[in-house]
Amino acid sequence: MKNKIASFFNNIVTRLIAINISYGILDIFLTSFLISYIMRSFENQMVGVAVFYIFWAIMITLGFYLAGDRTKRGNKMTVFRVSILLRICACLILGTCSLNLPIVILVASVLGLSDGAMNLPWNNIISEKLSKNQLIKYTGYRQSVAHTMRVVLPMLVAMLITASSYSVMVWMVVPFSMLSFLLSFSIKSVPASNNGLKMKSYLAKCRKNAFNKKLFFCEFVRGMSVDRLLIVMPMLIVYFMHTDFALGWVQSLASVVIIVSSAFVGRFLTLRGFPMLLTISSAFMLGSVLLFLSLHTVPSLVIYMLVYSVAGRIFFQLLEMNMTNGSNYSALNRDNKVEYFISRECCLNMGRAFSCMVLLVIGLLGGGANALGIMSLAMVILTVLLAFLAVSVSRDIYNATQNIH
């Protein structure tokens, strides 16, 4: 029994999941509930949220670039630990300052730098440490474990925020960041190269590389569509259901359904099954938003949230695996992983920024829940194009894998 336990915790997939989960607990506070907090703090709710995410998208791209040289030539986990300290700083600001436009911009900037400094080394670690089969297990089981915790946590958080305040609650989650900081020392990292960043030469080669151009365009469309639906959907809940408690119980209910689907992906999915699952999940997302827009009721919104939570999460997992597998697709990407992930992040964030600019314009023009619903339809329709691109990318990766064997 002791040997089995030791083997379990020495498993690289288990250790990576443990770090990711402890770091990700803060996301419960810094995504949906932060959106709700911003909406309650601004008279023009859409403008506050849009400004926050525009600055966040700009700064996460800068964070990627600033962390790039150190990630390539130094210890990746050191960069990751800096990101944790930046996130704690953002929490301290939220815990001590009332929200206004300058504070929103400051928090968005610090969180953006933090997420950039975390995502770049983390994506490189995942690509470096895990085989394609391990990646499938890591992605599926990580989602399953994460959402097991989110069955209870969102409702608990919602009740505590209702009883006290968002700024008070932020202090209660800082220890989880410290836990991920300590766990990060269990992952060893070695420099990928003695050379610094070579963005110019890498991008010049990408312009002649059909696979990279297709994958980067896929990431741009993802930033415009399925990625930013994670902002629009909590806003719809606040508009229609008005309370943090409603936001909490809908998220908890969605997590119950996601647990099973994520475990299924981790256990049974193969590279060959990517195209079919991408197509099915995009069809369910489109059907759910059409149902909501045709009825425009709270029950139809809940159904939309649940269907999207499952189909969208599966869709998102497949895109993430495509992106990670793409880093090993060719010698160009394998030898320039940091440049690859920075390029991908720039494309993703250009799409995010464009989507948030549309949200800002809607807010400035006085749009409300109806306009937000139409925007969500347009974003889901874009996932049809995204599914087509992602299927093509996954087939390229699968064919390359078969050729190797």
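Please read these numbers as outputs of a predicted model, since none were measured by experiment. (Residues numbered from 1 in each chain as written. Predicted model: local features only at pLDDT ≥ 70, side-chain atom pairs only at ≥ 80, totals over all residues. Heavy atoms only, no water.)

With the rule as written, the count across this model stands at 8 aromatic pairs. Consider the rings of Tyr 53 and Trp 56, whose centres lie 6.0 Å apart with planes at 75°: the pair is edge-to-face. One end of the pair is Tyr 53 and the other is Trp 56, both in helix 4 (residues 45–73) and 3 residues apart, which spans about a single turn. Each member of the pair Tyr 53 and Trp 56 is classed as buried. An aromatic cluster of three or more residues is present, and its members are Phe 52, Tyr 53 and Trp 56. The positively charged end of Arg 81 is found above the aromatic ring belonging to Phe 185, 3.8 Å away from the centroid. (Phe/Tyr/Trp six-rings, centres within 6.5 Å; stacked < 30°, edge-to-face > 60°. Helix = DSSP H or I, 4+ residues; strand = E, 2+ residues; numbered from the N terminus. Buried < 20%, exposed > 50% of the residue type's maximum accessible area, 1.4 Å probe, protein only. Lys NZ or Arg CZ within 6 Å of the ring centre and 35° of its normal.)

What follows is about the packing of helix 4 against helix 17 (residues 337–364). Two packed helices can be described by the angle between their axes and the distance between those axes. Close contact between helix 4 and helix 17 brings their axes to 8 Å; oriented N to C, the two are set at 170°. Judged on the interaxial angle alone, helix 17 and helix 4 are roughly antiparallel. Taken together, the residues that form the contact of helix 4 with helix 17 break down as 23 nonpolar, 5 polar and 4 charged. (Axes fitted to C-alpha atoms, helices over the stretch in contact; angles between N-to-C directions. Parallel < 35°, antiparallel > 145°, perpendicular 65-115°, else oblique. Nonpolar A, V, L, I, M, F, W, Y, C, P; charged D, E, K, R; others polar.)

Take the pattern of salt bridges next. A complete count under the given rule lists 8 salt bridges for this structure. When the shortest N-O distance is used, the salt bridge between Glu 219 and Arg 222 registers 3.2 Å. Note that Glu 219 and Arg 222 are positioned in helix 11 (residues 210–224) at a spacing of 3 residues, about one turn of the helix. Residue Arg 222 is classed as buried on the basis of its relative accessible area of 1%. Arg 344 is the salt-bridge partner of Glu 219, the closest N and O atoms lying 2.9 Å from each other. Of this pair, Glu 219 sits in helix 11 while Arg 344 sits in helix 17, and the two are 125 residues apart along the sequence. (Salt bridge = Lys/Arg side-chain N within 4 Å of Asp/Glu carboxyl O.)

Overall, the predicted model of the protein reaches an average pLDDT of 80, with 87% of residues at or above 70. For the protein, per-element mean pLDDT is lowest for helix 1 (residues 2–10), which scores 47, and highest for helix 11, which scores 92. Per-residue pLDDT stays below 50 along residues 4–9; that stretch engages in 3 contacts with residues further than four places along the chain or on separate chains. (pLDDT = per-residue confidence, 0-100. Contact = heavy atoms within 4.5 Å.)

So, on to a nonpolar patch on the surface. On the surface, a nonpolar cluster with roughly 310 Å² of combined accessible area is contributed by Leu 62, Tyr 65 and Leu 66. Structurally, Leu 62 is set in helix 4. Residue class for Leu 62 comes out partly exposed when judged on its relative accessible area of 36%. (Patch = residues over 30% accessible without salt bridge, like charges linked within 9 Å, V, L, I, M, F, W, Y side chains within 5 Å. Areas by Shrake-Rupley, 256 points an atom, 1.4 Å probe, with all protein chains shown as cover.)

In this fold, Tyr 138 is placed in helix 7 (residues 132–149). Along the backbone, Tyr 138 and Ile 126 are 12 residues apart, and their C-alpha atoms lie at a distance of 9.2 Å.

Next up on the list: helix 8 (residues 153–163). Those residues of helix 8 lying buried are Pro 154, Val 157, Ala 158 and Ile 161. Angular distribution of buried residues about the axis of helix 8 spans 100°; they occupy a single face of the element. (Arc of directions from axis to C-beta.)

Turning our attention to the side chain of Ser 343. Inspection of the secondary structure assignment puts Ser 343 in helix 17. In terms of polar contacts, Ser 343 uses its side chain to reach the backbone carbonyl oxygen of Glu 339, at 2.8 Å. In contact with Ser 343, other than residues within four places in its own chain, are Met 199, Tyr 202, Leu 203 and Phe 216. (Polar contact = N/O pair within 3.5 Å; in protein donor to acceptor, adjacent residues only side chain to side chain.)

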